[in-house]
Amino acid sequence: MTEKKFASHADVEEKTVSFDRLSDHAYAYTAEGDPNTGIVVGDDAVMVIDTQATPVMAQDVIRRIRAVTDKPIRYVTLSHYHAVRVLGASGYRPEHIIASRDTYDLILERGEADMKSEIERFPRLFRAVESVPGLTWPTIVFERRMTLWLGKLQVEIMQLGRGHTKGDTVVWLPQDRVLFSGDLVEYDATPYTGDAYLADWPATLDAIAALAPEKLVPGRGAALKSPDEVRAGLEGTRAFVTSMFDAVKAGAAAGKDLRTVYKETYAALKPRFGHWVIFDHCLPFDVSRAYDEATQYRDPRIWTAQRDKDMWVALEG
Ligand SMILES: [Zn+2]
């Protein structure tokens, strides 16, 4: 058996970008499972939700925004702290960068380690990494919920609960019934759970479902354009998160070690989820966190570039 290349080092193929209009105010920039960016066009300004990984990569988003509006890009909202989503922020020259208090705390605590770790995990996704000026710092930090009026357009920026990280933030347009979920929801793409709160995640999906969005932009994968597609996205994410965590909890309860639990969980999930993008990338990180949460670590441990590689050798070597 050939050894699996570390994280996403075997992933070198560029993806095709789609820029979809979801409502009078909402657009989705998606790329076949690469990290998505959401766009809200208000009466007087534009908000970007998640930025792409570098300022150079952000230029392609800006080019597509400029094809539909010349309003200023005044706000960037961070769905969470992960480098691959936030380090392109400076490319938009926003007046404000909005994040939850919990996301701010994570940037302070582990942003530097996360940046180094993610850049090494995903070489293709950090095109022109030298254009990144450093960490992305919020200028507006909120707790639980804030409302922003872009003219007459109501934009609700909310923490509905923990899941993918403790700081997860969704953006909700109640008038258009469009929701931007960040990595709380994925579609035909494997949820990354290395920094997750797996026991909390299903209830947070319930809170998203309770808003009854008609359209949803997931963290990765195509935009969901009908209530049925939204339901499929929520249910697929829930199925992965719960079956992965249940398998790991059962293995840990039986006293099995991490490597054994990893091999068994991988085999159990592969038939149903193995075709989702980044499955092989995510599973070692996902099972490591699930094992931690099932045993002794309530909060996710910090991933460093070194811990990433040690873990990979332990599970895949
Ligand atoms: Zn993420």
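Right above here is the structure, for reference.
Below is a short write-up of the structure. Counting restarts for each chain, with residues numbered from 1 along the sequence as it is written. Owing to the predicted nature of the model, reporting of local features is limited to residues with pLDDT of at least 70; listing and counting of side-chain atom pairs is limited to 80 or more, with chain, interface and lining totals taken over all residues. No hydrogens and no water enter the side-chain calculation; it runs on all heavy atoms of the structure.

### Re the overall build of the protein chain
Next, step 1: The way it works is that DSSP assigns letters per residue, a run of H or I at least four long becomes a helix, a run of E at least two long becomes a strand, and they are numbered from the N terminus. Tallying secondary structure elements over the protein chain gives 8 helices and 12 strands in all.
Next, step 2: Radius of gyration (C-alpha) of the protein chain: 19 Å, near the 20 Å computed for a compact globule of 317 residues.
Next, step 3: The Shrake-Rupley method, run with a 1.4 Å probe, gives the accessible areas here. Residue values count only the displayed protein chains as cover. With an accessible surface of roughly 12700 Å², the protein chain has 51% of that area assigned to carbon and sulfur atoms.
Next, step 4: In the protein chain, 39 side chains carry a positive charge and 47 a negative one; their mean positions are 0 Å apart. It is over C-alpha atoms that the radius of gyration is taken, and the globule rule equals 2.2 Å times the number of residues to the power 0.38. Charge assignment in this entry is limited to Lys and Arg as positive and Asp and Glu as negative, and neither His nor the chain termini are counted. The atoms used to mark charge sites are NZ of Lys, CZ of Arg, CG of Asp and CD of Glu.

### Here we look at the coordination of the zinc ion
Next, step 1: We call an atom a donor if it is N, O or S and sits within 2.8 Å of the metal, or 3.2 Å for Na, K and Ca. Water is not counted, so some sites may look partial. Protein ligation of the zinc ion involves His80 (NE2), His82 (ND1), His164 (NE2) and Asp183 (OD), the donor distances falling in the range 2.1 to 2.4 Å.
Next, step 2: Four donors are marked tetrahedral only if all angles between them lie between 85 and 135 degrees, whereas four are marked square planar and six octahedral if opposite donors are more than 155 degrees apart and the other angles lie between 65 and 115; the remainder are marked irregular. Geometry at the zinc ion is irregular, judged from the 4 donor atoms that bind it and their angles of 89 to 176° at the metal.
Next, step 3: Spacing between the donor residues of the zinc ion along their common chain follows H-x1-H-x81-H-x18-D.

### Comments concerning the pairing of strand E4 (residues 46-49)
Next, step 1: By the alternation rule, side chains of E4 split into Val46 and Val48 and Met47 and Ile49, which are all buried.
Next, step 2: Between any two strands, pairing holds if DSSP finds at least two bridges. As defined by bridge partners, strand E3 (residues 34-41) adjoins E4 across 4 bridges and the pair is classed as antiparallel. Bridge pairing links Ile39 to Val48 in E4.
Next, step 3: Hairpin geometry of E3 and E4 is characterised by an intervening segment of 4 residues between the two adjacent antiparallel strands.
Next, step 4: As defined by bridge partners, E4 adjoins strand E5 (residues 73-77) across 4 bridges and the pair is classed as parallel. Following the sheet pairing, Val48 is matched in E5 by Val76.
Next, step 5: Note on handedness: a clockwise path from strand one over the helix to strand two, with the strands aimed away from the viewer, defines a right-handed crossover. In terms of handedness, the path from E4 via helix H1 (residues 55-66) over to E5 forms a crossover that is right-handed. Here's how the labels work: a residue is buried when its accessible area is under 20% of the maximum for its type, exposed when over 50%, partly exposed in between, all with a 1.4 Å probe on protein chains only.

### Structural notes on the pattern of salt bridges
Next, step 1: Any Lys or Arg side-chain nitrogen found within 4 Å of a carboxyl oxygen on Asp or Glu counts as a salt bridge. What the rule picks out here adds up to 28 salt bridges.
Next, step 2: With its nearest N and O atoms 3.2 Å apart, the salt bridge here joins Asp60 to Arg64. Of this pair, Asp60 and Arg64 both sit in helix H1, separated by 4 residues, roughly a single helical turn.
Next, step 3: Of the charged contacts in the structure, one is a salt bridge between Arg231 and Asp228, with a shortest N-O distance of 2.8 Å.

### Examining the sheet that holds strand E2 (residues 26-31)
Next, step 1: Across the sheet, 7 strands lie side by side as E1-E2-E3-E4-E5-E6-E7; this open sheet has mixed pairing. Unpaired on one side and paired on the other, strand E1 (18-21) and strand E7 (140-142) mark the two borders of the sheet. In this sheet, neighbouring strand axes are inclined to one another by 20° on average, regardless of whether the strands run parallel or antiparallel.
Next, step 2: Any two residues having at least one pair of non-hydrogen atoms within 4.5 Å are treated as being in contact. Comment: axis = line fitted to C-alpha atoms, over the contacting stretch for helices; angle = value between 0 and 180 degrees taken between N-to-C directions. Sheet contacts for helix H3 (residues 101-121): strand E6 (96-100) and E7; angle to E6, the most-contacted strand, approximately 100°.

### Observations concerning the nonpolar core
Here is a general trend for soluble globular proteins: nonpolar side chains tend to be buried in one another's company.
Next, step 1: Here, nonpolar core means buried Ala, Val, Leu, Ile, Met, Phe, Trp, Tyr and Cys residues that are tied together by side-chain atoms lying within 4.5 Å of each other. Formed by 44 residues in total, the largest nonpolar core has its most connected members in Leu198, Ile208, Phe240 and Met244.
Next, step 2: Broken down by secondary-structure element, the contributors of at least two residues to this core are strand E10 (170-173), helix H4 (201-210), helix H5 (227-253), helix H6 (258-273), helix H7 (279-295) and helix H8 (305-316).
Next, step 3: Considering each element in turn, this core owes the most residues, 9 residues, to H5.
Next, step 4: If you look at the next biggest cluster of nonpolar residues, it comprises 31 residues, including Ala53, Ala89, Ala99 and Leu106.

### Points about the packing of H7 against H8
Next, step 1: Two elements in contact, H7 and H8, have axes separated by 11 Å at closest approach and are oriented at 95°. Between H7 and H8, the angle is such that the two are roughly perpendicular. Counted together, Asp280, His281, Pro284, Phe285, Ser288 and Asp292 of H7 and Arg307, Asp308, Met311, Trp312, Leu315 and Glu316 of H8 form the full contact between these two elements. An angle counts as roughly parallel when it lies under 35 degrees, as roughly antiparallel when it exceeds 145, as roughly perpendicular when it falls between 65 and 115, and as oblique in every other case.

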